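Structure assessment
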Protein chains: 6
Amino acid sequence: MHLIKKPAESLTTMTELVLPNDTNGLNNLMGGRLMYWMDIVSAIAAQKHSNRLVVTASVDNITFAEPIGLGNVLTLRAHVTRAFSTSMEVYIEAWAEDIPNGRKVSTNKAFFTFVALDKEGKPTQVPEVSPETTEEKALFDSALRRRQLRLILAGRMKPNDAAELKAIFDQAK
Amino acid sequence: MHLIKKPAESLTTMTELVLPNDTNGLNNLMGGRLMYWMDIVSAIAAQKHSNRLVVTASVDNITFAEPIGLGNVLTLRAHVTRAFSTSMEVYIEAWAEDIPNGRKVSTNKAFFTFVALDKEGKPTQVPEVSPETTEEKALFDSALRRRQLRLILAGRMKPNDAAELKAIFDQAK
Amino acid sequence: MHLIKKPAESLTTMTELVLPNDTNGLNNLMGGRLMYWMDIVSAIAAQKHSNRLVVTASVDNITFAEPIGLGNVLTLRAHVTRAFSTSMEVYIEAWAEDIPNGRKVSTNKAFFTFVALDKEGKPTQVPEVSPETTEEKALFDSALRRRQLRLILAGRMKPNDAAELKAIFDQAK
Amino acid sequence: MHLIKKPAESLTTMTELVLPNDTNGLNNLMGGRLMYWMDIVSAIAAQKHSNRLVVTASVDNITFAEPIGLGNVLTLRAHVTRAFSTSMEVYIEAWAEDIPNGRKVSTNKAFFTFVALDKEGKPTQVPEVSPETTEEKALFDSALRRRQLRLILAGRMKPNDAAELKAIFDQAK
Amino acid sequence: MHLIKKPAESLTTMTELVLPNDTNGLNNLMGGRLMYWMDIVSAIAAQKHSNRLVVTASVDNITFAEPIGLGNVLTLRAHVTRAFSTSMEVYIEAWAEDIPNGRKVSTNKAFFTFVALDKEGKPTQVPEVSPETTEEKALFDSALRRRQLRLILAGRMKPNDAAELKAIFDQAK
Amino acid sequence: MHLIKKPAESLTTMTELVLPNDTNGLNNLMGGRLMYWMDIVSAIAAQKHSNRLVVTASVDNITFAEPIGLGNVLTLRAHVTRAFSTSMEVYIEAWAEDIPNGRKVSTNKAFFTFVALDKEGKPTQVPEVSPETTEEKALFDSALRRRQLRLILAGRMKPNDAAELKAIFDQAK
C-alpha cells in the first residue's frame, strides 16, 4: 500500500443525463437524486484512495442554488482532500449543461466523509494525502476546520475545543 | 390559505424496504439512497405546509452512525419546524428495523430546507409555524441558529452577524 | 413472542410521490405500480405482527375508482386484521393528494394475505389479533367471510361449506 | 373499427427475468412485482382489443401458490375474454422456469378489468369478443359470473340480483 | 440433454411498454434501452436452447432506422439460429406499435452471440440447431458468414481465411 | 457554431458502480446494461460535438471478453472520431476496476453512430472533426472503412463500392 497518495490518484468523473424520473413537478432535478449521485462518485473516489470498501460517515451542509433541468447533462468530479486515520474527506464539484442551448453552470460543491473498512468490516488505516496544486493545498488546510464543525454538530466535540473553527468567530470581533 | 399551521399538519411518514439495489458491497444501505428518501419525505412535508410545489434549497450536515442492512424496514418521519418568509426548515428522523431479529435503531436526524414556488416558479410566501409540543418548540427556537450557520456556510452571512450562533462559542469561553 | 397483538402494533404508513415512470399515457398512476406499493406496505405490516419473513399468499378483488395523477402524494396505511394459524389478513387503505390544488381522495381499500415463514422457509404460527376499535372489530369479524370467499375462489372450499358467505345470499332471498 | 374481435387478436406474451431487486429476503419474486407485470401485459392486451388507451378498473382475487426464484424466467400470456360496453376482462396466465435446472411451473391465473378511454379521457365503446376455442368459450361464459362477483364486492350490485353467481350457492344445497 | 434442438424450442417473445424514463429529449426510446431488452430476450432464448447460464459474447452491428415513441408497445422475438460448440447465435426481431393510432413498424433486426457456462463458470458444449422453416435455414446458413466477420472484427481471424465472407467481395468484381 | 472541433471538445467520462440489478446469475454485469451505459456516454459526446439533440443511428459489432463483477467500478470514455455531414461516429473505451483487490482491466471498445437533429427533428449539419493525437488521427482515418462496412451491413452500399473496405480483402491475396 502507498503510504501517501496524491488527490489526482482518487480523481473520479461521473456524467449523468437527467431523465424524467429524476425530476420534480417543475421538470427540475430533485435534490435527493443529486445527493445519490454525489454519494456514489465520492464513495468511488474514497475507494480509489484507500483500496478498501468504504461507508458514508457524514455529509456536510449542501446548498442547491441552480435548477437543473430535464435532459441536462450533469458532470460530477470528486477527489479525496485529506485523510484522518481511518476516514477520508472527499470534495465534489457538480456542473450542469443544457448542451443544445449552450448553457453550462456550476451547481454545487459538497464534502462527504467516508470510513474505510477491512474485510471484517472494521475501520482500517488509509494513506495520507499529499496535495499538489494550490486548490488542493487550500482544501487540505481547510479540511481541519470542516472536521471540527462536523464533530461539534455530531455532538462529539465541544465548541471550545475547536480552535480552528473558533478563530473564524474571534476574527469577526 | 391558513396563515399559521401546526407542525402536525405537515407530518409525513414514509416506510421503505431496503432492497438489493439500495445496498453497497457490505449489504448495507448506501448513504445516497437514504438521502434520496429523506429528500422526498421532507419535500412532501414542505408541500403539505405550504400547499405549493417546493424545491430543495439546502441540506444540513448529516451523520451516518448506524449501518442499515438489506431487508431492513426504514421509517422516516418529517415535519416543518419553522418558516422563513418563502422557505421552510423540515426535520427528519429515521429508524431502521430488522423485524425478524427484533432490532430497531434510530439511525439519523436531518434538516432539509425548501423554498415554495408559485405557478410561475417564483418563491412565494408560506404560512408561519405554530409549535405545540416541547420538542416542536425546541426545534422552532433552534431553527434560527441553524439558519445562521447555513447562511454563513453558503457565504451569505458574516460570522459576526450570526448572533445566535456566535453565542455558542462565546459561552464556551 | 407475544401470543396476542393489537392491530395498532402492525400499523404501517407509507408515503409515495407519483413519478413519471409510474404513470400511463394519460399521466395517471398505473394500477400495477399501486399494487406493488400495497404489497410492500402490507408485507411490512405482516412482518411487524409476526416478527417473521412473510410471503404474499393472496390478494382480494381490488377496484380502482379514482385516477391518481403525476405528482400526487399517495399515502398507504396497513395493519393486520386477523390471523389464521400461519397466515394473516392485512387491510390497506390508500389516499391520493394533489397538494398544490388541495384535493385529497380516498382511492382504494384492499386485503392482502401473507404467510409467515421460519428460517427454513416453512409456514409458522403467528400471534392472534386482538381488535380494539369498532372498525378493527368489524374487520376482524368480516375476515372470516373474506377467507371463505378466498378459499372458494382458489378451489379449496365448496360453496356449501362457506356458512358465513352463504348467509349473504340466503338473506337476499 | 372492427365490431367483433377474436381473443387471438389481443394475445400478448411477455417474458421477464427475475432480477435481485424483484425479490424478497428469501430470494423469491415479490407478489407486488408480479402484479405490476400482470397489469402491464393485460393493459397491452386490452389496448390491442380496443385500439384505445386503457385504465385498470379492477383486479380479481389472485392466489400465489408457487415461489418464483431469483434468476427464473417468467412468462405471462394475456388476452381479452369478454367485453362489457366500455370495459374488457383480460385473462392472464403466468409460468416460471428455472431453465438451468429444467423446472417449469404454472404459477398464477388472474383476471384484470380495463376501461377504454377516448382522447378526452371518457369511457368509450369497445368491440365485442368472439371466442373460438373451447377454453375461450368457457372464459367468455364464466366472465358474466365473475363480473357479478366484482359488482357485489364493489357494492354496486345486490347479491340477490346476481343470478349467475347465486346459482353456485343454490346448486350447493 | 437433447443433442439437437429446433429454433422453435428457444423461441422467446417479450413485450415492453415504452415508459418516460426509457426516452430521450425527443420522447423517443433510447437505443441503449432497446439493446438492454434485446440482450435479455436473447439471453433467455440462449438459456432455453442450452439449459445453461449464458453470458453475452458479442453483438453484431445494429441499425436504428425507426423512432419508437413514448407509450409504444415494443415486441421482441428471439430464437437461436446456430450453435458453434459452446456458443450460440441468437436472431432478434423487434416491432413497435402505437396501438391507439394503429401504427405498427418493424424497427430492428439483430444478432447476439452467447456462451453457455457450466456450474464452475467454464464454457460448455451446447446442442446443435436443426432449422425447419425456409427462414430458419437461411439464418442457419448465413450464420457462418456472420461468424467470420465477428472473428475478423475481433482480430481473431485473418480476412484471407474468411472464405464465406470473402466470396461477397469476389462476387462483386 | 464552430465549423471544426477537436475530439477533446466532445470527450466525456462516465463512472458507474455495478449494482445487484445490473448482474446476471453469475454476479457479472449483463451485456445489455453495459450497452445502455455506452449509449448514454456516447450520446452525450455527440451532443457536445454538435450542440444538438442526437439519436442513435447504429452500433458496430461489440465483443465482450472480460467478465465485470458486482461492485466493480466501470469507467467509460467517449469522444467523436469523425463527422459525416449530419452524423457522427463516437469511439468508446470501457475499463472495469475491482478496487479493493487492485484489479483493473480494459473490457470493451465500441463505435456508436449518432445523427444530430434540429428543433423540428430533422437531421442537421454538424461540425467537422480535426484530430490531434496519433490515436485520434488513426481513428479518423479508419472511420471511413467502418462507415463502408456499416452501409454494406445495412444494405445501403454494394460491397463493390466499398473501396476502403475491399482493400483489406485484396491485400490479403
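These remarks concern the structure in this document. It should be emphasised that the depicted structure is a prediction, and the values quoted were computed from it without experimental measurement. (Residues numbered from 1 in each chain as written. Chains lettered and ligands numbered in written order. Predicted model: local features only at pLDDT ≥ 70, side-chain atom pairs only at ≥ 80, totals over all residues. Heavy atoms only, no water.)

The helix and strand tally for chain A stands at 3 helices and 8 strands. Ordering the α and β elements of chain A from the N terminus gives β-β-α-β-β-β-β-β-β-α-α. In terms of overall size, chain A behaves like a compact globule, its C-alpha atoms giving a radius of gyration of 17 Å where 173 residues would be expected to give roughly 16 Å. If one aligns the C-alpha atoms of chain A with their principal axes, the spans along those axes are about 50 × 45 × 30 Å. In chain A, which comprises 173 residues, the share counted as buried stands at 60%. In the structure as shown, chain A presents an accessible area of about 7200 Å², 49% of it carried by carbon and sulfur atoms. (Helix = DSSP H or I, 4+ residues; strand = E, 2+ residues; numbered from the N terminus. Rg over C-alpha atoms; globule rule 2.2 N^0.38 Å. Buried < 20%, exposed > 50% of the residue type's maximum accessible area, 1.4 Å probe, protein only. Areas by Shrake-Rupley, 256 points an atom, 1.4 Å probe, with all protein chains shown as cover.)

Turning next to the interface of chain B and chain A. Opposite the 38 residues of chain B that make contact, chain A presents 38 residues. Inspection of the region where chain B meets chain A yields 0 salt bridges. In this assembly, chain B and chain A are joined by 10 residue pairs in polar contact (both at pLDDT 80 or more). With 7 residues, the top contributor of residues to the side of chain B that touches chain A is strand β3 (residues 53-59) of chain B. Relative to β3(B), strand β4 (residues 62-63) of chain A is paired through 2 bridges, and the arrangement is antiparallel. Directly across from I62(A), in β3(B), lies its bridge partner V59(B). (Contact = heavy atoms within 4.5 Å. Salt bridge = Lys/Arg side-chain N within 4 Å of Asp/Glu carboxyl O. Polar contact = N/O pair within 3.5 Å; in protein donor to acceptor, adjacent residues only side chain to side chain. Pairing = 2+ DSSP bridges.)

So, about the side chain of S42(D). All names here are of chain D. On the secondary structure map, S42 appears in helix α1 (residues 31-50). Within the local environment of S42, its side chain forms a polar contact with the backbone oxygen of M38, the two atoms lying 2.6 Å apart. A polar side-chain atom of S42 sits 3.3 Å from the main-chain carbonyl oxygen of D39. Look past the residues within four positions of S42 in its chain and what remains in contact with it is A78, V90, I92, F112 and F114.

Mapping chain F onto chain D calls for a screw motion: a turn of 120 degrees about the axis and a shift of 0.0 Å along it, with 0.0 Å RMSD after fitting. On the angle and the small slide along the axis, the relation comes out as a three-fold axis. (Least-squares fit on C-alpha atoms with pLDDT ≥ 70 in both.)

To continue, consider the packing of aromatic side chains. Under the criterion given, the structure shown has 12 aromatic pairs over all chains. Taking 6.4 Å as the distance between ring centres and 15 degrees as the angle between the ring planes, the aromatic pair formed by F112(D) and F114(D) counts as stacked. Taking the relative accessible area as the measure of exposure, F112(D) reaches 0% and is therefore buried. Between R146(B) and the ring centre of F111(B), over which it is positioned, the NZ or CZ distance is 3.8 Å. Between the NZ or CZ atom of R147(E) and the centre of the ring of F84(E), over which it lies, the distance is 4.5 Å. (Phe/Tyr/Trp six-rings, centres within 6.5 Å; stacked < 30°, edge-to-face > 60°. Lys NZ or Arg CZ within 6 Å of the ring centre and 35° of its normal.)

What follows concerns the relation of the copies chain B and chain A. You can overlay chain B on chain A at an RMSD of 0.0 Å; the transform is a turn of 180 degrees with a shift of 0.0 Å along its axis. What the rotation and shift describe, once combined, is the action of a two-fold rotation axis. The position closest to the rotation axis in chain B is occupied by the C-alpha of N61(B), lying 2.3 Å away. When the interface residues of chain B are mapped onto chain A, 100% of them again lie at the interface, so the same face is used by both copies.

Taken together, the contact between chain F and chain D spans 4 residues of the former and 4 residues of the latter. Roughly 310 Å² is buried in total at the junction of chain F and chain D, and carbon and sulfur atoms are behind 64% of that figure. Along the contact surface separating chain F from chain D lie 0 salt bridges. At the boundary of chain F with chain D, the tally comes to 1 residue pair in polar contact (both at pLDDT 80 or more). Its residues placed into classes, the side of chain F that touches chain D shows 2 nonpolar, 2 polar and no charged. (Buried area = accessible area lost by both parts, 1.4 Å probe. Nonpolar A, V, L, I, M, F, W, Y, C, P; charged D, E, K, R; others polar.)

Turning next to the environment of I68(A). All names here are of chain A. As for its position among the elements, I68 is in the loop between β4 and β5 (73-84). The class for I68 is buried, based on a relative accessible area of 4%. For I68 and L149, which are 81 residues apart along the polypeptide, the C-alpha to C-alpha distance reads 29 Å. When residues no more than four places from it in sequence are discounted, the contact partners of I68 are V18, N27, N28, L29, L34, L74, A96 and T107.

On the basis of which strands lie adjacent, the open sheet formed by 6 strands has the order β2(A)-β5(A)-β6(A)-β7(A)-β3(A)-β4(B) and antiparallel pairing. In this open sheet, the two edge strands, each paired with only one partner strand, are β2 (12-17) of chain A together with β4 (62-63) of chain B. Sheet analysis places β5(A) next to strand β6 (residues 87-98) of chain A, joined by 11 bridges and oriented antiparallel. Opposite T75(A), over in β6(A), you have W95(A) as the bridge partner. Seen against the sheet, helix α2 (residues 134-153) of chain A touches β3 (53-59), β5, β6 and β7 (103-117) of chain A and runs at an angle of roughly 75 degrees to β5(A). (Axes fitted to C-alpha atoms, helices over the stretch in contact; angles between N-to-C directions.)

On to the pairing of β5(A). All names here are of chain A. For β5, a buried count of 11 out of 12 residues is recorded, marking the element as mostly surrounded by other parts of the structure. Two strands pair when backbone bridges link them, and β2 and β5 are joined in this way by 6 bridges, in the antiparallel orientation. Opposite T15, over in β5, you have T75 as the bridge partner.

We now examine helix α2 (residues 134-153) of chain F. Residue and element names in this part refer to chain F. The terminal C-alpha atoms of α2 lie 29 Å apart, and with 20 residues this matches the ideal 28 Å at 1.5 Å per residue to within 8%. A maximum bend of about 35 degrees is found in α2 at A143. The complete set of buried residues in α2 reads E136, L139, F140, S142, A143, R146, Q148, L149, R150, L151 and I152. Count one or two residues on from α2 and you reach G155, which has phi positive near 75 degrees. (Expected span 1.5 Å × (residues − 1). Bend = angle between axes of the 7 residues up to and from the residue.)

This part covers unusual backbone geometry. With phi around 65 degrees, S85(D) is a residue other than glycine that occupies positive phi space. In this fold, S85(D) is placed in the loop between β5 (73-84) and β6 (87-98).

With that settled, consider the sheet that holds strand β3 (residues 53-59) of chain C. Pairing between sheet strands relies on hydrogen bonds along the backbone, with the strands arranged either parallel or antiparallel. The 6 strands are arranged β2(C)-β5(C)-β6(C)-β7(C)-β3(C)-β4(D) in an open sheet whose pairing can be described as antiparallel. Lying at the two open borders of the sheet, with one neighbouring strand each, are β2 (12-17) of chain C together with β4 (62-63) of chain D. Packed onto the sheet, helix α2 (residues 134-153) of chain C meets β3, β5 (73-84), β6 (87-98) and β7 (103-117) of chain C and runs at close to 75 degrees relative to β5(C).

Before going further, it helps to spend a moment on the pattern of salt bridges. Opposite charge on two side chains allows them to pair when their charged atoms are near. Per the counting criterion, the structure on display carries 42 salt bridges over all chains. For D98(B), the salt bridge goes to R103(B), with nearest N and O atoms at 3.3 Å. Residue D98(B) is classed as buried on the basis of its relative accessible area, which comes to 16%. Using a relative accessible area of 53% as the deciding quantity, one classes R103(B) as exposed. For the salt bridge of E89(E) with R146(E), the shortest nitrogen-to-oxygen distance reads 2.7 Å. Linking E89(E) in strand β6 (residues 87-98) with R146(E) in helix α2 (residues 134-153), this pair joins segments that are 57 residues apart in sequence. Residues participating in the shared-partner salt-bridge network are D60(A), E89(A), R146(A) and R150(A).

Attention shifts here to the packing of helix α1 (residues 31-50) of chain C against α1(D). Running from N to C, α1(C) and α1(D) cross one another at 170 degrees; their axes reach a closest spacing of 8 Å. Accordingly, the angle class assigned to the pair α1(C) and α1(D) is roughly antiparallel. From α1(C), G31(C), G32(C), R33(C), M35(C), Y36(C) and D39(C) reach across to α1(D), where they touch G31(D), G32(D), R33(D), M35(D), Y36(D) and D39(D). Here the contact of α1(C) with α1(D) is composed, by residue class, of 4 nonpolar, 4 polar and 4 charged. (Parallel < 35°, antiparallel > 145°, perpendicular 65-115°, else oblique.)

Take the environment of S106(C) next. Residues and elements named next belong to chain C. Tracing the chain through its elements places S106 in strand β7. By relative accessible area, S106 is classed as partly exposed at 42%. Through-space distance from the C-alpha of S106 to that of H49 is 25 Å; in sequence the pair is 57 residues apart. Here S106 is in contact with E66, A94 and W95, once residues within four sequence places are set aside.

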